[in-house]
Amino acid sequence: MTTFTYSSNFPETFVFGVAAASAQIEGAAFADGKGESVWDHFARIPGKVVGGDNLDVACDHYNRFDEDFALMASLGVKHYRLSIAWPRIYPKGDDQLNQAGLDFYHRLFASMAKHGITPWVTMFHWDLPQALEEKGGWTSRATADAFRIYADTIVKAFSSVVKNWITLNEIRCFTVLGYGTGTKAPGRKESDAVVNQTYHVALLCHGHGVAAVRTHGGPGARVGLTDNCDVAVPVTETPADIAAAKAWFSDKNAHILGAIHGKGYSEYYLQREGANAPSWEAGDFDLISQPTDFLGLNIYTATYIRAASGEAFPRGYEALKLPANYPRADSVWLNMIPQAIYWAPRMCQELYEHKSIYITENGCGYDVEPVENGEVIDLHRRDYVRNHLREVHRAISDGVPIDGYFLWSFIDNYEWEDGYARRFGIVHCDFKTQVRTPKLSARYYSRVMQERKIL
Ligand code: GBH
């Protein structure tokens with residue numbers, strides 16, 4: 001008899017979890033004093049979101065969180081990454097506190113505790129109070145001042161129950177896609193100079209978030225940023241392609257990862273942006289580059305890079321365009337490149353000397369996932385998760401300090417401009433009846449979390 005001996009155990013302390021975000025699942029968009037967010041506003045502009053879908057009800061998690069945590073617990077989920085909705089706490093983004101908003105999250109954290117689930121809390125996952133947008137939003141330093149008040153308040157309020165804090169989710173999404181291409185809220189199409197300034201204001205918020213945790217977090221509190229860095233994968237794992245990929249990674253991520261780990265913007269970045277480079281004030285980088293406890297990375301896909309020379313490639317690398325028939329999920333940007341989750345953490349370790357990295361999101365979305373005989377057979381998602389976990393395991397074996405993995409997402413939810421049609425959950429949500437059905441991928445991941453190895 002042959003014994004199955006493939007050994008892929010994860011370290012004892014490795015964190016397996018699932019992730020979601022306030023705006024995408026809570027619904028109750030105007031309940032109990034919540035203010036309008038930029039997404040509540042944007043979703044009502046005709047033509048902006050597929051199907052004209054809005055966030056008013058979503059998964060109705062606001063009213064169903066206790067059942068949802070019971071379901072998580074039944075699947076063996078012990079860590080859940082969620083976000084707090086800023087406009088529930090400060091409906092107008094000023095200093096007028098909405099106590100009902102804090103009360104909601106107190107109830108939610110109590111329910112999580114009851115079900116044995118540890119919270120990992122993102123302070124900001126894109127639901128900016130619309131009132132702040134109307135005063136300039138991410139172009140204005142006043143937004144960072146408002147964020148400081150908000151961050152101080154939530155860290156103080158929840159310091160006894162929340163020990164893992166993430167300042168912001170994916171700076172480049174709510175800045176460049178919200179203010180450059182305009183595909184995400186608030187849908188503005190501004191110049192590169194304006195977009196670069198929005199990065200800087202977001203970095204100030206990150207700094208205020210770190211400071212809030214240092215001041216009010218209490219014993220054992222930890223904090224980091226979640227970034228969606230541009231990921232480079234060497235076409236061939238040779239020293240030349242690896243070096244080229246690393247150079248591309250460093251160039252592409254200079255304005256965010258470079259900035260939080262340095263004492264200012266790099267020469268390269270400032271030169272590249274020239275007159276469009278952001279402006280800053282004395283002391284900004286003391287705030288922005290405070291040491292953090294971990295780095296969060298949302299990894300979905302990558303760009304293939306190879307070494308190249310000659311006039312067309314002054315930086316020594318070439319980024320390859322993918323062929324039209326390259327395998328991908330239903331989101332056009334979500335190309336299947338599992339090595340992404342190996343190389344991004346490894347490059348962060350090598351370039352910025354990170355000692356602790358969490359994959360704060362990884363997952364894939366599809367439009368057609370029918371419930372048939374009480375099941376959703378999403379073998380495509382099982383494969384995606386397994387292929388990525390194998391690369392996480394390879395990274396850990398090579399000494400890359402990846403300490404956890406959060407699957408995006410626990411449940412199908414509001415996929416921003418793609419509305420409810422694009423499903424990322426391991427649990428199916430019927431948006432008409434609010435019935436939840438764990439997919440095959442949920443059963444699979446449940447077993448992986450339980451046995452703590454790749455199955
Ligand atoms: C994450 O972003 C988000 O954090 C999460 O809320 C979301 O639901 C999830 O992933 C799935 O999308 O405009 O063609 O250039 C994912 C990372 C990177 C996806 C930027 C969209 C832009 C594509 N995002 N990307 S494009």
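Please read these numbers as outputs of a predicted model, since none were measured by experiment. (Residues numbered from 1 in each chain as written. Predicted model: local features only at pLDDT ≥ 70, side-chain atom pairs only at ≥ 80, totals over all residues. Heavy atoms only, no water.)

Counting 132 residues, the largest nonpolar core has Tyr80, Phe109, Trp165, Tyr405 and Tyr445 as the members making the most contacts within it. The element best represented in this core is helix H9 (residues 192-216), accounting for ten residues. Here Tyr445 is in contact with Phe16, Gly17, Val18, Val385, Tyr405, Leu407 and Ile426, once residues within four sequence places are set aside. (Core = buried A, V, L, I, M, F, W, Y, C linked by side-chain atoms within 4.5 Å. Buried < 20%, exposed > 50% of the residue type's maximum accessible area, 1.4 Å probe, protein only. Helix = DSSP H or I, 4+ residues; strand = E, 2+ residues; numbered from the N terminus. Contact = heavy atoms within 4.5 Å.)

A separate point is helix H3 (residues 61-74). With 14 residues, H3 extends only 17 Å from end C-alpha to end C-alpha; this falls clearly short of the ideal 20 Å at 1.5 Å per step. Roughly 40 degrees is the biggest bend found in H3, and it falls at Glu67. Buried within H3 are the following residues: His61, Tyr62, Phe65, Asp68, Phe69, Leu71 and Met72. In the stretch just after H3, Gly76 is the one whose phi turns positive, near 85 degrees. (Expected span 1.5 Å × (residues − 1). Bend = angle between axes of the 7 residues up to and from the residue.)

With that settled, consider the layout of surface pockets. Computed from the structure, the largest pocket encloses a volume of approximately 880 Å³. Taken together, 33 residues form the lining of the largest pocket, with Glu170, Cys173, Leu177, Asn228 and Trp333 sitting closest to its centre. Residue contributions to the lining of the largest pocket peak at four residues, all from helix H8 (residues 171-180). Considered class by class, the residues forming the lining of the largest pocket number 14 nonpolar, nine polar and ten charged. Its boundaries defined by the atoms lining it, the second largest pocket holds a volume of some 270 Å³. In terms of lining residues, the second largest pocket is bounded by 15 residues, among which Asn196, Tyr199, His255, Arg272 and Glu273 are the most central. Contributions of two or more residues to the lining of the second largest pocket are made by H8, H9 and helix H12 (267-273). (1 Å grid on protein atoms, 1.4 Å probe; cavity = no way out; pocket = protein on both sides within 12 Å on 5 of 7 lines; lining within 4 Å. Points joined across faces, edges and corners; volume = space filled by probe spheres on them. Nonpolar A, V, L, I, M, F, W, Y, C, P; charged D, E, K, R; others polar.)

Once that is clear, we can look at the packing of aromatic side chains. If you walk through the whole model with that rule in mind, you get 37 aromatic pairs. For the pair Phe65 and Phe104, a centre-to-centre distance of 5.7 Å together with 75 degrees between the ring planes defines the contact as edge-to-face. Residue Phe65 is located in helix H3, and its partner Phe104 is located in helix H5 (residues 99-114); the two are separated by 39 residues in the primary sequence. Accessibility expressed as a relative area gives 11% for Phe65, which makes it buried. Considering the side-chain rings of Phe124 and Phe174, the 5.0 Å spacing of their centres and the 85 degrees angle between planes classify their relative orientation as edge-to-face. Placement of the pair is Phe124 in strand E3 (residues 118-124) and Phe174 in helix H8, with a sequence separation of 50 residues. The residues Phe124 and Phe174 share a single accessibility class, namely buried. (Phe/Tyr/Trp six-rings, centres within 6.5 Å; stacked < 30°, edge-to-face > 60°.)

Moving on, we come to helix H16 (residues 440-451). In an α-helix, one full turn covers 3.6 residues, which means residues spaced three or four apart are oriented alike. Over its twelve residues, H16 runs 17 Å from end to end, which matches the ideal 16 Å to within 8%, given 1.5 Å per residue. Every buried residue belonging to H16 is among Ser441, Ala442, Tyr444, Tyr445, Ser446, Val448 and Met449, and all of these are buried. At the exit of H16 stands Arg452, carrying a positive phi of roughly 55 degrees.

Within the fold, Ser446 resides in helix H16. Among the polar contacts made by the side chain of Ser446, one reaches the main-chain carbonyl oxygen of Leu75 at a distance of 2.9 Å. (Polar contact = N/O pair within 3.5 Å; in protein donor to acceptor, adjacent residues only side chain to side chain.)

A few words now on the sheet that holds strand E2 (residues 79-83). Read once around its circumference, the closed barrel built from eight strands follows the order E1-E2-E3-E4-E5-E7-E10-E11, with strand pairing classed as parallel. Across the sheet, the mean angle separating the axes of adjacent strands is 25 degrees when strand polarity is ignored. The pairing of strand E1 (residues 15-19) with E2 spans two bridges and is parallel. Note on E2: the bridge partner recorded for Val18 is Tyr80. Packed on one face of the sheet, helix H7 (residues 141-158) meets E3 and strand E4 (164-169) and runs near 165 degrees to E3. (Pairing = 2+ DSSP bridges. Axes fitted to C-alpha atoms, helices over the stretch in contact; angles between N-to-C directions.)

What follows covers the site of the ligand. Taken together, 16 residues lie near the ligand, and Gln24, His125, Glu170, Glu415 and Trp416 sit nearest. At 2.9 Å from an oxygen atom of the ligand is found a side-chain nitrogen or oxygen belonging to Gln24. For the ligand, an oxygen atom lies 2.9 Å from a polar atom in the side chain of His125. A total of 580 Å² of accessible area belongs to the ligand in isolation, and the protein chains cover 77% of it. Using a 2 Å cut-off from the grid points, one finds that the ligand occupies the largest pocket. Looking at the shell around the ligand residue by residue, the class counts come to eight nonpolar, five polar and three charged. (Near = heavy atom within 4 Å. Areas by Shrake-Rupley, 256 points an atom, 1.4 Å probe, with all protein chains shown as cover. Sits in = over half its atoms within 2 Å of the grid points.)

It is worth spelling out the pairing of E2 at this point. Among the five residues that make up E2, five are buried, leaving the element largely enclosed by the rest of the structure. Burial along E2 is two-sided: His79, Arg81 and Ser83 and Tyr80 and Leu82, pointing in opposite directions, are all buried. For E2 and E3, the ladder comprises five bridges, and the chain directions are parallel. Considered in E3, the bridge of His79 is made with Thr118.

As for its placement among the helices and strands, Lys321 is situated in the loop between strand E9 (317-319) and helix H14 (340-352). Relative accessible area serves as the criterion here: at 79%, Lys321 is assigned to the exposed category. C-alpha separation for the pair Lys321 and Thr303, spaced 18 residues apart in sequence, amounts to 8.1 Å.

The next thing to look at is the confidence of the model for the protein chain. Counting all residues, the mean pLDDT for the protein chain is 97, and 99% of those residues have values of 70 or more. In the model output, the complex is listed with pTM 0.98 alongside ipTM 0.95. (pLDDT = per-residue confidence, 0-100.)

Next up on the list: the pairing of strand E5 (residues 222-227). Across the six residues of E5, five count as buried, placing the element largely inside the fold. In this structure, E4 lies alongside E5, joined through four bridges in parallel fashion. Bridge pairing links Trp165 to Val223 in E5. Pairing of E5 with strand E7 (residues 294-298) involves four bridges; the strand directions are parallel. Directly across from Asp227, in E7, lies its bridge partner Leu297.

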